[in-house]
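One letter stands for each residue in the lines below.
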Amino acid sequence: AAGVIQSPRHLIKEKRETATLKCYPIPRHDTVYWYQQGPGQDPQFLISFYEKMQSDKGSIPDRFSAQQFSDYHSELNMSSLELGDSALYFCASSLGFGQGGTGELFFGEGSRLTVL
Amino acid sequence: QKEVEQDPGPLSVPEGAIVSLNCTYSNSAFQYFMWYRQYSRKGPELLMYTYSSGNKEDGRFTAQVDKSSKYISLFIRDSQPSDSATYLCAISRYSSASKIIFGSGTRLSIRP
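All values derive from a computational prediction rather than experimental measurement.

Visitor: Please explain the state of the cysteines as it appears in this structure.
Guide: Here a disulfide denotes one covalent bond, and it connects the sulfur atoms of two cysteines. Residues and elements named next belong to chain A. Using the criterion set out here, one finds 2 disulfides over all chains in the structure. Each disulfide pairs two cysteine sulfurs, and for C23 the partner residue is C91, the sulfurs being separated by 1.8 Å. The sign of the S-S torsion, about -60°, decides the handedness of the disulfide formed by C23 and C91: left-handed. One end of the pair, C23, is in strand β3 (residues 19-24); the other, C91, is in strand β9 (residues 87-94), and 68 residues separate them in sequence.

Visitor: Teacher, can you tell me more about the sheet that holds strand β1 (residues 4-6) of chain B here?
Guide: Whenever strands of a sheet pair, they do so through backbone hydrogen bonds, lying parallel or antiparallel. Residue and element names in this part refer to chain B. Spatially, the 5 strands line up as an open sheet ordered β1-β3-β8-β7-β6, and their pairing is antiparallel. Each edge of the open sheet is held by one strand with a lone partner, namely β1 and β6 (54-58). When strand polarity is set aside, the average angle formed by the axes of neighbouring strands in this sheet is 20°. With 3 bridges connecting them, β1 and strand β3 (residues 19-25) associate as antiparallel partners. Within the sheet, the bridge partner assigned to V4 lies in β3 and is Y25.

Visitor: Would you take a moment to explain the interface of chain B and chain A for this structure?
Guide: Where interface size is quoted, it is often the accessible area lost as the parts come together. Listed by partner, the interface residues are 19 residues for chain B and 23 residues for chain A. Counting across the interface, chain B meets chain A through 2 salt bridges. The partner of K2 of chain B in a salt bridge is D42 of chain A, and the shortest N-O contact between them spans 3.2 Å. Joining chain B to chain A, the criterion identifies 4 residue pairs in polar contact (both at pLDDT 80 or more). Where the side of chain B that touches chain A is concerned, the elements lending two or more residues are β4 (32-38) and β5 (45-51) of chain B.

Visitor: Please clarify how the nonpolar core should be interpreted in this entry.
Guide: Core analysis: the biggest nonpolar cluster contains 24 residues, and W35, I72, L74, I76, Y87 and I91 of chain B have the highest contact counts within it. Of all the secondary-structure elements, those providing two or more residues to this core are β3, β4, β5, β7 (61-66), β8 (71-76), β9 (85-92) and β11 (106-111) of chain B. Counting 22 residues, the second-largest nonpolar core is a separate cluster that includes L21, W34, F64 and A87 of chain A.

Visitor: Got a minute to help me understand the pairing of strand β5 (residues 44-50) of chain A in this structure?
Guide: Successive residues of a regular strand alternate their side chains across the two faces of the sheet. All names here are of chain A. Taken across its 7 residues, β5 has 5 buried, putting it largely inside the fold. Note that strand β4 (residues 31-37) and β5 share 6 bridges and pair antiparallel. Bridging across to β5, Q36 finds its partner in Q44. What sits between the antiparallel neighbours β4 and β5 is a turn of 6 residues, in which G40 has the positive phi angle 70°.

Visitor: Looking at this structure, how should I read the environment of S82 of chain B?
Guide: Residue and element names in this part refer to chain B. Mapping S82 onto the fold places it in the loop between β8 and β9. Given a relative accessible area of 48%, S82 falls into the partly exposed group. Between the C-alpha atoms of S82 and R37, which are 45 residues apart in sequence, the distance is 11 Å.

Visitor: It is not clear to me how the sheet that holds β3 of chain A should be interpreted in this structure. Could you clarify?
Guide: Residue and element names in this part refer to chain A. Taken together, 4 strands build an open sheet; the order of strands is β1-β3-β8-β7 and the sheet is antiparallel. The open sheet is flanked by β1 (5-7) and β7 (64-68), the only strands paired with a single partner. The average undirected angle you get between the axes of adjacent strands in this sheet is 15°. Bridge analysis of β1 against β3 gives 3 bridges, and the strand direction is antiparallel. Residue Q6 lies in a different strand from β3, and its bridge partner there is C23.

Visitor: I keep staring at the packing of aromatic side chains and nothing clicks. Help me out?
Guide: Under the definition given, this model contains 11 aromatic pairs over all chains. Arranged with centres 6.1 Å apart and planes meeting at 40°, the rings of Y32 of chain B and Y49 of chain B form a pair that is tilted. Pair noted here: Y32 of chain B is in strand β4 and Y49 of chain B is in strand β5, with a separation of 17 residues, a long-range link. Residue Y49 of chain B is classed as buried on the basis of its relative accessible area of 17%. The rings of Y35, F45, F90 and F107 of chain A together with Y36 and F102 of chain B are connected pair by pair, giving a single aromatic cluster. The ring of F30 of chain B carries R93 of chain B above its face, with NZ or CZ at 5.0 Å from the centroid.

Quick notes on the rules
- Residues numbered from 1 in each chain as written.
- Chains lettered and ligands numbered in written order.
- Predicted model: local features only at pLDDT ≥ 70, side-chain atom pairs only at ≥ 80, totals over all residues.
- Heavy atoms only, no water.
- Disulfide = S-S within 2.5 Å.
- Helix = DSSP H or I, 4+ residues; strand = E, 2+ residues; numbered from the N terminus.
- Pairing = 2+ DSSP bridges.
- Axes fitted to C-alpha atoms, helices over the stretch in contact; angles between N-to-C directions.
- Contact = heavy atoms within 4.5 Å.
- Salt bridge = Lys/Arg side-chain N within 4 Å of Asp/Glu carboxyl O.
- Polar contact = N/O pair within 3.5 Å; in protein donor to acceptor, adjacent residues only side chain to side chain.
- Core = buried A, V, L, I, M, F, W, Y, C linked by side-chain atoms within 4.5 Å.
- Buried < 20%, exposed > 50% of the residue type's maximum accessible area, 1.4 Å probe, protein only.
- Phe/Tyr/Trp six-rings, centres within 6.5 Å; stacked < 30°, edge-to-face > 60°.
- Lys NZ or Arg CZ within 6 Å of the ring centre and 35° of its normal.

See the structure below:
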(Lines give C-alpha, C1' and ligand atoms only; values in the text may rest on other atoms or scores of the structure.)
Protein backbone atom coordinates (compact mmCIF):
# COMPACT_ATOMS: atom_id res chain seq x y z
CA ALA A 1 0.00 0.00 0.00
CA ALA A 2 1.13 3.53 -0.71
CA GLY A 3 2.60 5.42 2.20
CA VAL A 4 3.43 9.03 2.92
CA ILE A 5 6.41 10.06 0.82
CA GLN A 6 8.81 12.76 1.99
CA SER A 7 11.71 14.32 0.18
CA PRO A 8 14.53 14.89 0.51
CA ARG A 9 15.38 12.31 3.18
CA HIS A 10 18.48 14.21 4.21
CA LEU A 11 19.35 17.87 3.76
CA ILE A 12 22.35 19.86 4.90
CA LYS A 13 22.21 23.64 4.89
CA GLU A 14 24.23 26.55 6.21
CA LYS A 15 22.90 29.09 8.70
CA ARG A 16 20.70 31.75 7.12
CA GLU A 17 19.99 29.58 4.07
CA THR A 18 16.56 28.42 2.93
CA ALA A 19 15.24 24.85 2.79
CA THR A 20 12.12 23.31 1.29
CA LEU A 21 10.71 19.95 2.33
CA LYS A 22 8.09 18.11 0.32
CA CYS A 23 5.38 15.69 1.39
CA TYR A 24 3.15 13.49 -0.74
CA PRO A 25 0.26 12.17 1.38
CA ILE A 26 -1.43 8.84 0.96
CA PRO A 27 -3.88 9.11 -1.97
CA ARG A 28 -7.39 10.20 -0.90
CA HIS A 29 -6.23 11.42 2.50
CA ASP A 30 -7.75 14.82 3.23
CA THR A 31 -5.44 16.14 5.96
CA VAL A 32 -1.69 16.73 6.04
CA TYR A 33 0.31 17.48 9.17
CA TRP A 34 3.87 18.66 9.72
CA TYR A 35 5.80 17.77 12.87
CA GLN A 36 9.31 18.70 14.01
CA GLN A 37 11.27 16.28 16.17
CA GLY A 38 14.53 17.49 17.68
CA PRO A 39 17.18 15.03 18.96
CA GLY A 40 15.73 13.08 21.87
CA GLN A 41 12.53 15.14 21.73
CA ASP A 42 8.92 14.23 21.07
CA PRO A 43 7.37 15.34 17.79
CA GLN A 44 6.11 18.92 17.98
CA PHE A 45 3.13 19.86 15.87
CA LEU A 46 3.86 22.66 13.39
CA ILE A 47 0.89 23.03 11.08
CA SER A 48 -1.86 21.09 9.32
CA PHE A 49 -3.96 21.43 6.18
CA TYR A 50 -7.44 20.06 5.55
CA GLU A 51 -8.51 19.98 1.92
CA LYS A 52 -5.72 22.41 1.00
CA MET A 53 -6.71 24.98 3.62
CA GLN A 54 -4.71 25.56 6.80
CA SER A 55 -6.66 23.84 9.56
CA ASP A 56 -4.48 24.19 12.64
CA LYS A 57 -1.27 25.89 13.63
CA GLY A 58 1.17 24.90 16.33
CA SER A 59 4.63 26.05 17.29
CA ILE A 60 5.71 26.98 13.78
CA PRO A 61 8.24 29.84 13.67
CA ASP A 62 7.41 32.88 11.58
CA ARG A 63 10.45 32.00 9.43
CA PHE A 64 8.61 28.86 8.31
CA SER A 65 5.68 28.68 5.96
CA ALA A 66 3.76 25.81 4.43
CA GLN A 67 1.13 25.20 1.84
CA GLN A 68 -0.81 22.40 0.26
CA PHE A 69 -1.16 22.30 -3.49
CA SER A 70 -3.98 21.26 -5.80
CA ASP A 71 -2.52 17.74 -6.11
CA TYR A 72 -2.57 17.54 -2.27
CA HIS A 73 1.18 17.48 -1.86
CA SER A 74 2.51 19.87 0.75
CA GLU A 75 5.70 21.86 1.10
CA LEU A 76 7.34 23.26 4.22
CA ASN A 77 9.52 26.27 3.49
CA MET A 78 12.11 27.29 6.06
CA SER A 79 14.07 30.51 5.71
CA SER A 80 16.90 32.16 7.67
CA LEU A 81 17.82 28.75 9.02
CA GLU A 82 19.24 28.55 12.51
CA LEU A 83 21.29 25.82 14.17
CA GLY A 84 18.26 24.97 16.32
CA ASP A 85 16.25 24.09 13.23
CA SER A 86 18.29 20.89 12.88
CA ALA A 87 15.73 18.16 13.40
CA LEU A 88 13.68 15.41 11.81
CA TYR A 89 10.66 16.83 10.05
CA PHE A 90 7.77 14.44 9.72
CA CYS A 91 4.78 14.73 7.49
CA ALA A 92 1.66 12.72 8.25
CA SER A 93 -1.66 12.32 6.50
CA SER A 94 -5.07 11.10 7.56
CA LEU A 95 -8.56 10.48 6.26
CA GLY A 96 -11.34 11.69 8.53
CA PHE A 97 -14.34 9.70 9.75
CA GLY A 98 -16.62 11.77 7.55
CA GLN A 99 -14.81 10.44 4.51
CA GLY A 100 -14.86 6.81 5.61
CA GLY A 101 -11.51 6.92 7.36
CA THR A 102 -10.44 6.50 10.96
CA GLY A 103 -8.58 9.75 11.52
CA GLU A 104 -5.43 7.75 12.12
CA LEU A 105 -2.25 9.63 11.26
CA PHE A 106 0.16 7.83 8.97
CA PHE A 107 3.67 9.20 9.20
CA GLY A 108 6.32 9.42 6.52
CA GLU A 109 9.93 8.41 7.10
CA GLY A 110 10.89 12.00 7.81
CA SER A 111 13.35 14.50 6.36
CA ARG A 112 16.47 15.04 8.41
CA LEU A 113 17.64 18.64 8.24
CA THR A 114 21.10 19.53 9.48
CA VAL A 115 22.01 23.20 9.76
CA LEU A 116 25.74 23.92 9.99
CA GLN B 1 3.12 22.12 32.48
CA LYS B 2 3.01 19.97 29.36
CA GLU B 3 -0.41 18.74 28.31
CA VAL B 4 0.76 15.15 28.40
CA GLU B 5 3.52 13.82 30.63
CA GLN B 6 5.45 10.61 30.02
CA ASP B 7 8.43 9.12 31.81
CA PRO B 8 11.26 9.16 29.23
CA GLY B 9 12.95 6.06 30.65
CA PRO B 10 15.03 4.35 29.44
CA LEU B 11 13.32 1.15 30.48
CA SER B 12 15.14 -2.18 30.12
CA VAL B 13 13.41 -5.50 30.75
CA PRO B 14 14.22 -9.15 29.95
CA GLU B 15 12.56 -10.92 27.05
CA GLY B 16 9.18 -12.36 27.99
CA ALA B 17 8.47 -9.78 30.70
CA ILE B 18 5.31 -7.72 30.90
CA VAL B 19 5.98 -4.06 30.13
CA SER B 20 3.89 -1.22 31.52
CA LEU B 21 4.13 2.24 29.95
CA ASN B 22 2.18 5.18 31.33
CA CYS B 23 1.19 8.75 30.63
CA THR B 24 -0.86 11.40 32.39
CA TYR B 25 -2.65 14.31 30.78
CA SER B 26 -4.00 17.51 32.18
CA ASN B 27 -7.08 18.50 30.18
CA SER B 28 -10.28 16.49 30.35
CA ALA B 29 -11.26 17.84 26.92
CA PHE B 30 -9.00 15.24 25.30
CA GLN B 31 -11.06 12.29 24.18
CA TYR B 32 -8.84 10.28 21.86
CA PHE B 33 -5.82 8.42 23.09
CA MET B 34 -3.13 6.74 21.08
CA TRP B 35 0.11 4.87 21.44
CA TYR B 36 2.76 5.17 18.75
CA ARG B 37 5.93 3.12 18.36
CA GLN B 38 8.97 4.76 16.83
CA TYR B 39 12.06 2.89 15.77
CA SER B 40 15.31 4.80 15.43
CA ARG B 41 15.34 7.15 12.41
CA LYS B 42 11.79 6.13 11.44
CA GLY B 43 8.44 7.86 11.63
CA PRO B 44 6.00 7.08 14.46
CA GLU B 45 3.73 4.10 13.77
CA LEU B 46 0.28 3.84 15.34
CA LEU B 47 -0.11 0.87 17.70
CA MET B 48 -3.38 1.50 19.50
CA TYR B 49 -6.19 4.02 19.20
CA THR B 50 -8.87 4.33 21.90
CA TYR B 51 -11.77 6.56 22.71
CA SER B 52 -13.11 7.02 26.26
CA SER B 53 -12.25 4.98 29.32
CA GLY B 54 -11.68 1.26 29.27
CA ASN B 55 -9.38 -1.37 27.84
CA LYS B 56 -8.56 -2.27 24.27
CA GLU B 57 -6.58 -5.35 23.38
CA ASP B 58 -4.70 -6.17 20.19
CA GLY B 59 -2.52 -9.25 20.30
CA ARG B 60 0.18 -8.77 22.92
CA PHE B 61 -0.75 -5.11 23.41
CA THR B 62 -3.40 -3.72 25.75
CA ALA B 63 -4.23 -0.02 25.99
CA GLN B 64 -6.00 1.23 29.09
CA VAL B 65 -7.61 4.63 29.60
CA ASP B 66 -8.84 6.02 32.91
CA LYS B 67 -10.41 9.39 32.12
CA SER B 68 -11.35 10.04 35.76
CA SER B 69 -7.69 10.11 36.75
CA LYS B 70 -6.44 11.27 33.32
CA TYR B 71 -4.14 8.28 33.09
CA ILE B 72 -3.35 6.12 30.07
CA SER B 73 -1.32 2.93 29.93
CA LEU B 74 0.08 0.50 27.43
CA PHE B 75 0.86 -3.07 28.45
CA ILE B 76 3.03 -5.36 26.37
CA ARG B 77 2.84 -9.08 27.18
CA ASP B 78 5.53 -11.61 26.32
CA SER B 79 7.87 -8.80 25.26
CA GLN B 80 10.22 -9.50 22.37
CA PRO B 81 13.55 -7.91 21.39
CA SER B 82 11.75 -6.55 18.32
CA ASP B 83 9.59 -4.48 20.70
CA SER B 84 12.66 -2.39 21.53
CA ALA B 85 11.74 1.12 20.42
CA THR B 86 10.51 4.43 21.73
CA TYR B 87 6.84 4.41 22.67
CA LEU B 88 4.96 7.69 22.50
CA CYS B 89 1.57 8.26 24.02
CA ALA B 90 -0.54 10.80 22.18
CA ILE B 91 -3.79 12.63 22.81
CA SER B 92 -6.23 14.50 20.64
CA ARG B 93 -9.44 16.45 21.15
CA TYR B 94 -11.11 15.26 18.00
CA SER B 95 -11.08 12.15 15.91
CA SER B 96 -9.78 13.67 12.71
CA ALA B 97 -8.17 16.69 11.09
CA SER B 98 -6.87 17.70 14.47
CA LYS B 99 -3.39 17.98 15.83
CA ILE B 100 -2.09 15.18 18.00
CA ILE B 101 -0.08 16.08 21.06
CA PHE B 102 2.68 13.62 21.86
CA GLY B 103 4.26 12.65 25.14
CA SER B 104 8.03 12.77 25.32
CA GLY B 105 8.31 9.03 24.61
CA THR B 106 9.68 6.16 26.67
CA ARG B 107 12.70 4.36 25.28
CA LEU B 108 12.19 0.63 25.81
CA SER B 109 14.86 -2.03 25.48
CA ILE B 110 14.05 -5.76 25.63
CA ARG B 111 17.08 -7.84 26.60
CA PRO B 112 17.29 -11.29 24.92
